[in-house]
Amino acid sequence: MDAAISLSHISKEYRLALSRKRRPAIVDVSVEVGGGEIYGLLGPNGAGKTTTLKVLLGLVRPDSGEGSLLGRPLGDRTAHAKLGFLPEEPYFYGFMTAEKGLAFYSRFLGLDRKEAAVRAGELIDLVGLQRDSHLSIDKFSKGMVQRFGLAQAMLGDPELLILDEPSSGLDPVGQKEVRDILVELKRRGKTIFLSSHQLSEVEKICDSVSIVNKGKSVKAGKVSELLTITGFKQVIVSGGERAVEALSSLAPGSALPDGEAAFNVPEDEVFAFVDAARDAGLELMSVTTGHRSLEELFMETVEGGGR
Amino acid sequence: MRNVLALSWQVVRDAARRKVFYVVFLFGIAVVALSPLLPTFELGLKAQFLRDVSLSLTSLFAVVLAVILSVGQISSEIDRKTVYNVLSKPVSRFEYLLGKYIGVLVSLAAILFVMGLEILLLVYLRLSVFTPIIFEGIFAIFLEAAIISAFCICLSTVTSVPVNILSVILFYLVTHLKTGFLHQQLIEGVKGIAKVFSWAVYYVLPNLENFNISQRVGYGHGAGWLYMLRITGYALLFMIIIFGIGVLLFRRRNL
């Protein structure tokens with residue numbers, strides 16, 4: 001499939017208030033998002049994630065670089081008919097109910113009243129707001145506003161969803177529901193570009209990620225490739241913390257929540273490691289390709305990449 | 001046009017929610033409170049006085065309303081990020097700004113129309129004189145409020161609410177002082193930067209005194225259709241210029 005999003009060497013600086021000094025927000029950022037994939041944009045606070053999204057949406061004009069959105073140049077409004085956007089900590093006109101709010105936004109997408117009402121009803125059900133659809137938005141909790149925001153983003157059945165922190169403000173049940181919606185949308189062929197701090201969530205659903213730090217894109221690629229450690233095997237043994245204590249001198253490892261422990265062991269030392277584990281009275285659970293979590297990769301990249 | 005209408009309707013609904021329409025009732029109370037203070041003139045003079053004073057009061061209310069409705073129209077939407085939800089849809093910044101401005105104009109027109117009816121009713125009930133000419137004055141007041149509103153919306157694209165309020169107060173004072181104080185300054189030959197400033201202000205800014213026809217409406221004969229046509233064109237010209245500057249500023253703005 002063609003790239004749904006393409007950013008090439010985008011840079012943006014902001015002038016500091018009451019000063020001639022300029023602060024770079026993003027520097028030479030390039031992103032390529034294929035059609036039909038879920039792409040995660042990761043980075044610490046102030047790394048440039050939101051600026052990148054704003055450049056994509058034409059809300060911020062880049063100083064240099066170029067890009068395209070659904071095959072159209074950045075800033076071309078026709079592409080916006082096929083995309084949905086959820087800003088971080090969204091805010092909506094508080095006097096509207098969920099139904100009226102969706103009807104309002106649907107007018108920009110060319111839906112007639114009947115279509116808009118049907119679509120609004122479907123989306124209100126999908127995001128779980130059916131019981132509260134008569135309430136005005138200013139009476140919504142943070143999580144309800146987030147759900148409404150997601151419904152608003154999905155209003156035009158968009159080909160591309162751009163989501164800034166989609167799980168922000170949601171409880172674990174809500175986060176799981178949003179994750180399920182995103183996976184379902186992907187199954188239907190939609191492209192999703194999201195920024196998130198929730199690394200475990202990103203690891204579960206994203207096909208590709210890009211890590212930005214201090215405005216620069218420092219790592220990007222397929223999640224499966226980025227998390228694979230070549231030349232290493234991941235050995236999982238029983239014992240949890242006890243196993244980590246017993247074997248950490250042989251290979252770095254960490255306890256897992258289910259009482260086991262995972263170690264990344266150089267391939268030529270696997271047999272010796274397994275023997276040592278058995279000698280310590282631990283049970284071997286599995287040996288797979290060397291693997292690290294997205295959190296480990298993120299911390300390595302952000303801390304090692306120099307803040 | 002669909003986008004512009006949707007945004008205009010949202011502004012009108014928001015104005016209703018913010019209870020600015022209560023101003024209409026406040027105004028009614030103020031005008032009724034005025035009427036016992038009518039001097040003991042003959043009937044014609046009483047009607048003249050009542051029309052003149054009511055329109056002057058309307059003008060004051062209209063300016064305050066225009067500022068309330070427009071001053072944070074764009075900047076507060078940027079601060080609250082509601083602007084993102086609209087501009088991420090296929091809506092241009094021009095449509096966004098135009099929708100907001102038209103919404104403010106519709107709200108102002110509705111409020112001023114009701115105020116005009118209140119004056120008409122008051123004059124009729126107190127003095128049994130039917131004076132539809134009052135709406136000529138109301139229309140002139142609307143034109144002035146429309147220019148002030150364009151100024152507020154233009155500034156609202158780049159400044160915060162407090163800066164906008166200070167600027168519009170200055171704008172209002174200067175544009176009302178033009179024919180008097182500033183003209184005198186130009187004729188009497190102030191020098192240096194003061195002269196350049198006076199010249200710029202005199203020739204670049206609109207003269208809002210043109211819209212003050214309360215006295216003429218008070219007399220009962222109005223300003224005449226030719227004058228009304230002239231001030232309508234004059235107002236439209238400044239509305240388009242000021243709004244156009246707003247569009248240019250908003251286009252360049254990083255949101």
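Conventions used here
Residues numbered from 1 in each chain as written. Chains lettered and ligands numbered in written order. Predicted model: local features only at pLDDT ≥ 70, side-chain atom pairs only at ≥ 80, totals over all residues. Helix = DSSP H or I, 4+ residues; strand = E, 2+ residues; numbered from the N terminus. Buried ≥ 20, exposed ≤ 12 C-beta atoms within 10 Å, placed from the backbone. Contact = placed C-beta atoms within 7 Å. Nonpolar A, V, L, I, M, F, W, Y, C, P; charged D, E, K, R; others polar. Domains from an automatic or database assignment. Pairing = 2+ DSSP bridges. Axes fitted to C-alpha atoms, helices over the stretch in contact; angles between N-to-C directions. Parallel < 35°, antiparallel > 145°, perpendicular 65-115°, else oblique. Left-handed = near helix turned anticlockwise from the far one by under 90°. Expected span 1.5 Å × (residues − 1). Core = buried A, V, L, I, M, F, W, Y, C linked by C-beta atoms within 7 Å.

The subject of this paragraph is the overall build of chain A. A tally of regular secondary structure across chain A gives 10 helices and 14 strands. With the principal axes as the frame, chain A shows a C-alpha extent of 70 × 50 × 40 Å. Taken over 307 residues, chain A has a buried fraction of 42%. Counting only contacts in chain A whose residues sit at least 6 apart along the sequence, the fraction spanning at least 24 positions is 68%.

Right, let's talk about unusual backbone geometry for a bit. Residue and element names in this part refer to chain A. Phi is positive for Glu89, close to 40 degrees, though the residue is something other than glycine. Of note, Glu89 is situated in the loop between strand S6 (83–86) and helix H2 (98–106). Its identity as a non-glycine residue notwithstanding, Asp157 has a phi of 45 degrees, on the positive side. Mapping Asp157 onto the fold places it in the loop between helix H4 (142–153) and strand S7 (160–164).

Turning to the interface of chain B and chain A, a few remarks are in order. Each partner contributes residues to the interface: chain B has 21 residues there, and chain A has 22 residues. Per-element accounting of the side of chain B that touches chain A gives the leading share, 7 residues, to helix H1 (residues 2–17) of chain B. Split into classes, the residues belonging to the side of chain B that touches chain A amount to 7 nonpolar, 7 polar and 7 charged.

In terms of domain boundaries, chain A breaks down into domain 1 (3–222) and domain 2 (228–291). Taking only C-alpha atoms into account, the centre of domain 1 of chain A sits 39 Å from that of domain 2 of chain A.

Our next topic: the pairing of S6 of chain A. Residue and element names in this part refer to chain A. Neither face of S6 is exposed, since Leu83 and Phe85 on one face and Gly84 and Leu86 on the opposite face are all buried. Pairing of S6 with S7, which is carried by 4 bridges, proceeds in the parallel orientation. Paired with Leu86 across the strands is Leu163, a residue of S7.

So, about the environment of Ile148 of chain B. Residue and element names in this part refer to chain B. Secondary-structure assignment places Ile148 in helix H7 (residues 134–156). In the structure, Ile148 is positioned 86 residues away from Ala62 in sequence and 9.7 Å away in space, judged by C-alpha atoms. When residues no more than four places from it in sequence are discounted, the contact partners of Ile148 are Val63, Ala66, Val67, Val168 and Tyr172.

With that settled, consider the packing of helix H6 (residues 93–127) of chain B against H7 of chain B. All names here are of chain B. Running from amino to carboxyl end, H6 crosses H7 at an angle of 150 degrees, the nearest separation of the two axes being 10 Å. One finds that H6 runs roughly antiparallel with respect to H7. The two elements H6 and H7 meet at a crossing, and its hand is right-handed. Residue-level contacts link Leu97, Lys100, Tyr101, Val104, Leu105, Leu108, Ala109, Leu112, Met115, Gly116, Ile119 and Leu120 of H6 to Ile134, Phe135, Ile138, Ile141, Phe142, Ala145, Ala146, Ser149, Ala150 and Ile153 of H7.

Okay, the environment of Asp171 of chain A next. All names here are of chain A. Relative to the helices and strands, Asp171 is located in the loop between S7 and helix H5 (172–187). Note on Asp171: 11 C-beta atoms within 10 Å, which makes it exposed. Each C-alpha atom, one on Asp171 and one on Ala25, is 31 Å from the other, the two residues being 146 residues apart in sequence.

Here helix H9 (residues 192–204) of chain B is 13 residues long and its end C-alpha atoms lie 18 Å apart, about the 18 Å a rise of 1.5 Å per residue gives. Among the 13 residues that make up H9 of chain B, 0 are buried, leaving the element largely open to the surroundings.

A word on the packing of H7 of chain B against helix H11 (residues 225–252) of chain B. Residue and element names in this part refer to chain B. Taken N-terminus to C-terminus, the directions of H7 and H11 make an angle of 15 degrees; their axes are 8 Å apart at the nearest point. If you check the angle between H7 and H11, you find them roughly parallel. Crossing geometry of H7 relative to H11 is assigned as left-handed. Each of Glu136, Phe139, Ala140, Leu143, Ala146, Ile147, Ala150, Phe151, Ile153 and Cys154 in H7 lies in contact with H11, whose residues at this interface are Met228, Ile231, Thr232, Ala235, Phe238, Met239, Ile242, Phe243, Ile245, Gly246 and Leu249. Broken down by class, the residue content of the contact of H7 with H11 amounts to 18 nonpolar, 2 polar and 1 charged.

A word on the sheet that holds strand S13 (residues 260–266) of chain A. Strands belonging to one sheet form pairs held by backbone hydrogen bonds; the direction of such a pair is parallel or antiparallel. All names here are of chain A. In spatial order, the strands read S12-S13-S11-S14; together these 4 strands make up an open sheet with antiparallel pairing. Unpaired on one side and paired on the other, strand S12 (253–255) and strand S14 (284–291) mark the two borders of the sheet. Across this sheet, the average inter-strand angle for adjacent strands is 20 degrees, counted without regard to direction. Sheet topology places S12 next to S13; 3 bridges connect them, and they run antiparallel. From the neighbouring strand, Gly253 faces S13, where its bridge partner is Phe263. Along the sheet face, helix H9 (residues 270–279) touches strand S11 (228–238), S13 and S14 and points at about 15 degrees away from the line of S11.

Ile162 of chain A together with Ala66, Leu108, Ala145 and Ile147 of chain B are the most contacted members of the largest nonpolar core, which totals 139 residues. With 17 residues, H7 of chain B is the single largest residue contributor to this core. For Ile162 of chain A, the residues in contact, after removing those within four places along its chain, are Leu53, Leu56, Leu57, Leu83, Phe85 and Phe193 of chain A. Residues Phe232, Ala262, Phe263 and Ala277 of chain A belong to the second largest nonpolar core, which totals 12 residues.

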